[in-house]
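# Report on the structure
Listed below, chain by chain, are the residues.
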Amino acid sequence: MGHGTTTLAFMFQGGVLAAADTRSSCSGLVACPASQKILPIHSHLVGTTSGTSADCALWKRILSRELRLYQLRHGRRLSTRGAAKLLSHMLHPFKGTELCVAATLCGWDGGELDDGPGLFYVCSDGTRLEGKLFSVGSGSPYAYSILDQGVRWGLTVEEATSIAREAVYRATHRDAYSGNFVDIYHVTSNGWTRRTREDLKEEYYREKERRRLERERRGTTLSE
């Protein structure tokens, strides 16, 4: 494998949180250390992207256009479920081709039937899955090791952000094709907000400090 990524998204009581690293690789080389893998689609919907960068960017623009046309025609936003179904139907004819798109749609719906957070995974073969937690990319097994034990419905925004950041950090530590920075988006009823891009080496220094303090506490306990 000459390329990879780490993206994740999960639901909690504060909305939907999406996080991703920023390293784009090609043939075993770092093509771009600061690419954007979480793409805003409209005011209440973002999508994490994994696969071929050009394919993901193209289909994000196509989906954004179709959702805008729907809003103009009907006077309301299409639900996250509807957006996932639309994207799945558009991608299905390309099944078996070299098209490579794996997107996680993270949105907040304000309609009468669909009200609240929504999370769907859509693949270029037409696969569409609904869930509360997804991680996609070569670093996803390492990210799941943090997400499975830390994610729960009652998390605060600060706790959810910390878990997402640590999950990406752990993945980039073990997966050579993920790294550099972490982007985090938070989707609520007011729309999406983006946190300041953070260098993953800062998480490394925080982890190093936590281990130092833990060793000191352990040494103090033994001396007593």
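Since we're looking at a predicted model, the values are computed, not measured.

Let us look at the overall build of the chain. A tally of helices and strands in the chain yields 5 helices and 13 strands. Rg of the C-alpha trace for the chain: 19 Å, near the compact-globule value of 17 Å for 224 residues, within the 12% margin. The principal-axis extents of the C-alpha atoms in the chain amount to approximately 70 × 45 × 25 Å. Each of the 224 residues in the chain was classed as buried or not, and the buried ones make up 48%. Restricting to contacts in the chain with at least 6 residues of sequence separation, those with at least 24 account for 63%. Put simply, the chain shows about 11,800 Å² of open surface, and 51% of that area lies on carbon and sulfur atoms. In the chain, 30 positive and 25 negative side-chain charges are present, and the distance between their average locations comes to 3 Å.

Next up on the list: helix H2 (residues 80–91). The terminal C-alpha atoms of H2 lie 16 Å apart, and with 12 residues this matches the ideal 16 Å at 1.5 Å per residue to within 8%. For H2, the complete set of buried residues consists of Thr-80, Gly-82, Ala-83, Ala-84, Leu-87, Ser-88, Met-90 and Leu-91. At its buried positions, H2 is contacted by strand S6 (45–51), helix H1 (53–74), strand S7 (101–110), strand S8 (115–123) and strand S9 (128–130).

Our next topic: the layout of surface pockets. Empty space within the largest pocket amounts to approximately 540 Å³. Together, 26 residues line the largest pocket, and Ser-24, Ser-50, Gly-51, Thr-52 and Ser-53 are the ones closest to its centre. At the level of elements, strand S3 (24–26), strand S5 (38–42), S6 and H1 are the ones that each hand at least two residues to the lining of the largest pocket. Here the lining of the largest pocket takes 5 residues from H1, the largest share from any one element. Classifying every residue of the lining of the largest pocket gives 7 nonpolar, 15 polar and 4 charged.

This part takes up the pairing of strand S2 (residues 15–21). Counted residue by residue, S2 has 7 buried out of 7 residues, so it is predominantly covered. Across 6 bridges, the pairing between strand S1 (residues 7–12) and S2 is antiparallel. Considered in S2, the bridge of Phe-10 is made with Leu-17. Here S1 folds back onto S2 in antiparallel fashion, the turn holding 2 residues. Pairing of S2 with strand S11 (residues 181–188) involves 6 bridges; the strand directions are antiparallel. Within S11, the residue paired with Asp-21 across the bridge is Val-182.

Once that is clear, we can look at the pattern of salt bridges. Enumeration according to the criterion identifies 12 salt bridges in this entry. The closest approach of N and O atoms between Arg-81 and Glu-130, which form a salt bridge, is 3.2 Å. With Arg-81 in helix H2 and Glu-130 in strand S9, the pair connects residues that are 49 residues apart, well separated along the chain. The class of Arg-81 is partly exposed, set by a relative accessible area of 37%. Here Glu-159 ties to Arg-152 by a salt bridge, and the two come within 3.8 Å at their closest N and O atoms. Here Glu-159 falls in the partly exposed class, since its relative accessible area comes to 34%. Its relative accessible area of 47% is what places Arg-152 among the partly exposed residues.

Parameters and conventions
- Residues numbered from 1 in each chain as written.
- Predicted model: local features only at pLDDT ≥ 70, side-chain atom pairs only at ≥ 80, totals over all residues.
- Heavy atoms only, no water.
- Helix = DSSP H or I, 4+ residues; strand = E, 2+ residues; numbered from the N terminus.
- Rg over C-alpha atoms; globule rule 2.2 N^0.38 Å.
- Buried < 20%, exposed > 50% of the residue type's maximum accessible area, 1.4 Å probe, protein only.
- Contact = heavy atoms within 4.5 Å.
- Areas by Shrake-Rupley, 256 points an atom, 1.4 Å probe, with all protein chains shown as cover.
- Lys, Arg positive; Asp, Glu negative; His and termini not counted.
- Charge placed at Lys NZ, Arg CZ, Asp CG, Glu CD.
- Expected span 1.5 Å × (residues − 1).
- 1 Å grid on protein atoms, 1.4 Å probe; cavity = no way out; pocket = protein on both sides within 12 Å on 5 of 7 lines; lining within 4 Å.
- Points joined across faces, edges and corners; volume = space filled by probe spheres on them.
- Nonpolar A, V, L, I, M, F, W, Y, C, P; charged D, E, K, R; others polar.
- Pairing = 2+ DSSP bridges.
- Salt bridge = Lys/Arg side-chain N within 4 Å of Asp/Glu carboxyl O.

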